[in-house]
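# Structural features, examined
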Amino acid sequence: MRHHNRGKLMNMPEADSETAKHTVSGLDLYEADFYGWTQQQVRLLHSQQWEQIDLPNIIEEIESLGKQQRQELRNRLSILIGHLLKWQYQPQHRSRSWLSTLRIQRLDINDLLDENPSLKPYIEEALCKAYLRGVELAVRETDLPNSTFPIDCPYNLEEILSDRFYPGEPSELVAD
């Protein structure tokens, strides 16, 4: 992933962005103006100027994009699981906000999996990692001790993603 070094262009006299693009080499542009670098690489790809393309950084950025999708899946699962735990272990504090968070995270996870079907084999691994973070979220937001929550995730993947699953005692909030 790129290392930001914004100081390189700061010492340059005022110049429009087109001039700045031409006065900085591709690698320097990658470090100094990432957006400018992306636009330059797109132009080079469109015009098939293969020898001028910054291939090592393009490879690195594409790999990074894949990692970001996996991270987004883990983050959304963590939030969803944390709220399922809160829902189950603090029924007296349930709210429309919690319900909304559960519903939105489920929708977003399903959208993410629909848009990135190759993430589906990773979801079980993501679930294990997400559960640990979900417990931390529940501990932080409920002030319940960590020992309140099971060591292993008490919900299976089908339950977690189901818009009909709300653990613990029934709630009038779900009837809406």
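Structure: above.
Residues numbered from 1 in each chain as written. Predicted model: local features only at pLDDT ≥ 70, side-chain atom pairs only at ≥ 80, totals over all residues. Heavy atoms only, no water.

## A look at the environment of V174
Position of V174 relative to the elements: it lies in the segment after α8 (157-161). Once the C-alpha coordinates of V174 and D163 are considered, the two residues, 11 residues apart in sequence, prove to be 9.8 Å apart. In this view, V174 contacts W87, L99, R103 and Y166; residues no more than four positions away in its chain are not counted. (Helix = DSSP H or I, 4+ residues; strand = E, 2+ residues; numbered from the N terminus. Contact = heavy atoms within 4.5 Å.)

## Things to note about the packing of helix α5 (residues 55-89) against helix α7 (residues 123-142)
Viewed as axis vectors pointing N to C, α5 and α7 meet at an angle of 45°, and their least axial separation amounts to 6 Å. Overall, the two elements α5 and α7 adopt an arrangement that is oblique. Considering how the two elements wind past one another, α5 and α7 form a crossing that is right-handed. For the contact of α5 with α7, a count of residues per class yields 13 nonpolar, 5 polar and 7 charged. (Axes fitted to C-alpha atoms, helices over the stretch in contact; angles between N-to-C directions. Parallel < 35°, antiparallel > 145°, perpendicular 65-115°, else oblique. Left-handed = near helix turned anticlockwise from the far one by under 90°. Nonpolar A, V, L, I, M, F, W, Y, C, P; charged D, E, K, R; others polar.)

## Focus on the nonpolar core
The biggest cluster of nonpolar side chains holds 31 residues, and the ones touching the most others in it are L73, L77, L85 and I160. Broken down by secondary-structure element, the contributors of at least two residues to this core are α5, α6 (96-115), α7 and α8. Of all the elements, α7 adds the most residues to this core, at 8 residues. Non-local contacts of L77, meaning those with residues more than four positions away in its chain, are made with I109, I123, A126, L127, A130 and I160. Core analysis: the next-biggest nonpolar cluster, separate from the first, contains 6 residues, L29, Y30, I53 and I58 among them. (Core = buried A, V, L, I, M, F, W, Y, C linked by side-chain atoms within 4.5 Å. Buried < 20%, exposed > 50% of the residue type's maximum accessible area, 1.4 Å probe, protein only.)

## Digging into the state of the cysteines
Scanning the entire structure with this criterion turns up 0 disulfides. With no disulfide of its own, C153 lies closest to C128 among cysteine sulfurs, the gap being 8.4 Å. (Disulfide = S-S within 2.5 Å.)

## So, unusual backbone geometry
In most cases, non-glycine residues show a negative phi, while peptide bonds are predominantly trans. Located in the positive-phi region is Q48, a residue other than glycine, with phi close to 55°. On the secondary structure map, Q48 appears in the loop between α4 (34-46) and α5. We note that D143 has phi near 65°; this positive angle belongs to a residue other than glycine. Residue placement: D143 occurs in the loop between α7 and α8. D143 gets classed as exposed once you look at its relative accessible area, which sits at 70%.

Purely geometric numbers; function is a separate question.
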